[in-house]
Amino acid sequence: MTINDPIADMLTRVRNANSAGKATVSMPSSNKLVEIARIMTEEGYVQGYEIIENSPRDILEITMKYGEKKAKTIRGIKRISKPGLRIYAGKDELPRVLGGLGTAIVSTSKGVMADRDARKAGVGGEVIAYIW
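In this text the structure is predicted, and so the values were computed from the model without any measurement.

Calculation notes
- Residues numbered from 1 in each chain as written.
- Predicted model: local features only at pLDDT ≥ 70, side-chain atom pairs only at ≥ 80, totals over all residues.
- Heavy atoms only, no water.
- Helix = DSSP H or I, 4+ residues; strand = E, 2+ residues; numbered from the N terminus.
- Rg over C-alpha atoms; globule rule 2.2 N^0.38 Å.
- Buried < 20%, exposed > 50% of the residue type's maximum accessible area, 1.4 Å probe, protein only.
- Contact = heavy atoms within 4.5 Å.
- Expected span 1.5 Å × (residues − 1).
- Salt bridge = Lys/Arg side-chain N within 4 Å of Asp/Glu carboxyl O.
- Core = buried A, V, L, I, M, F, W, Y, C linked by side-chain atoms within 4.5 Å.
- Pairing = 2+ DSSP bridges.
- Axes fitted to C-alpha atoms, helices over the stretch in contact; angles between N-to-C directions.
- Phe/Tyr/Trp six-rings, centres within 6.5 Å; stacked < 30°, edge-to-face > 60°.
- Lys NZ or Arg CZ within 6 Å of the ring centre and 35° of its normal.

A. Region of interest: the overall build of the chain. Looking only at helices and strands, one finds three helices and eight strands in the chain. Scanning the chain from its N terminus toward the C terminus, one meets helices and strands in the order α-β-α-β-β-β-β-β-β-α-β. Since a compact globule built from 132 residues should have a radius of gyration of about 14 Å, the 15 Å found for the chain is in line with a globular shape. Oriented by its inertia axes, the alpha-carbon framework of the chain measures out at about 40 × 40 × 25 Å. Within the chain, buried positions represent 39% of all 132 residues. The contacts of the chain with a sequence gap of at least 6 include a subset with a gap of at least 24, amounting to 61%.

B. Highlighting helix H2 (residues 31–42). Compared with the 16 Å implied by 1.5 Å per residue over twelve residues, the 17 Å span of H2 between its first and last C-alpha is a close match. Gly-44 occupies a position one or two residues after H2 and carries a positive phi of about 90°.

C. Structural context of the pattern of salt bridges. Applying the stated criterion across every chain, the model contains seven salt bridges. Linking Arg-38 and Glu-35 is a salt bridge whose minimum nitrogen-to-oxygen distance equals 2.8 Å. Taken as a pair, Arg-38 and Glu-35 lie in helix H2 at a separation of three residues, close to a single helical turn. A salt bridge links Arg-86 to Glu-126; its shortest N-O distance comes to 3.1 Å. Taken together, the residues span a long stretch of sequence, with Arg-86 in the loop between strand S4 (77–79) and strand S5 (88–89) and Glu-126 in strand S8 (residues 125–131) at a distance of 40 residues.

D. Local environment of the nonpolar core. Counting residues in hydrophobic clusters, the biggest one holds 27 residues, and the most contacted among them are Met-10, Val-14, Ile-62, Met-64 and Ile-74. For this core, the secondary-structure elements that each account for two or more residues are helix H1 (6–20), strand S1 (24–28), H2, strand S3 (59–64), strand S7 (111–114) and S8. Broken down by element, this core gets its largest block of residues, six residues, from H2. Other than its neighbours up to four places away in sequence, Met-10 contacts Met-27, Leu-33, Ile-36, Ala-37, Met-40, Leu-60 and Ile-62.

E. Inspection of unusual backbone geometry at higher detail. Backbone geometry places Lys-69, a non-glycine residue, at a positive phi of 55°. Tracing the sequence through the fold places Lys-69 in the loop between S3 and S4. Residues other than glycine seldom take positive phi values, yet Lys-70 does so here, at roughly 60°. As for its position among the elements, Lys-70 is in the loop between S3 and S4.

F. Spotlight on the sheet that holds S1. Taking strand neighbours across the sheet as the criterion, the three strands line up as S1-S3-S2 in an open arrangement whose pairing is antiparallel. Edge positions in the sheet fall to S1 and strand S2 (46–52), since each has one partner strand and no second. Here the average twist between neighbouring strands, direction ignored, is 20°. Bridge analysis of S2 against S3 gives six bridges, and the strand direction is antiparallel.

G. Seen up close, the packing of aromatic side chains. All chains considered together, the criterion is met by zero aromatic pairs. Cation over ring: Lys-70 sits above Tyr-66, and NZ or CZ is 4.7 Å from the ring centre.

Shown next, in the form of structure tokens:
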């Protein structure tokens, strides 16, 4: 089965696993999905990720993160730039999610990075998703 938008599929799987209280979630792996998982780990939304070698296609497994009494660290995830409508932001127009409390994932010419890192690097790019 082919997936038209693997990033939206990844974000939906993470959102569903978060709301169901699952420990891990797995999906087909790609370089961009691994970079998004890396940013989610660096920003503290998930505990970690692992790439499992598999014969037809590698699997990306993300370990979810919860606080005390199963408190969710991810309040929401939203896909911004879609295959039918790409959303770009210049270095001066990078969005702030919840006034800086959330994170925007941006695909730049220097790689996929969080909005804070893109501001420091002085680059803009395609706004992939918001996480808060």
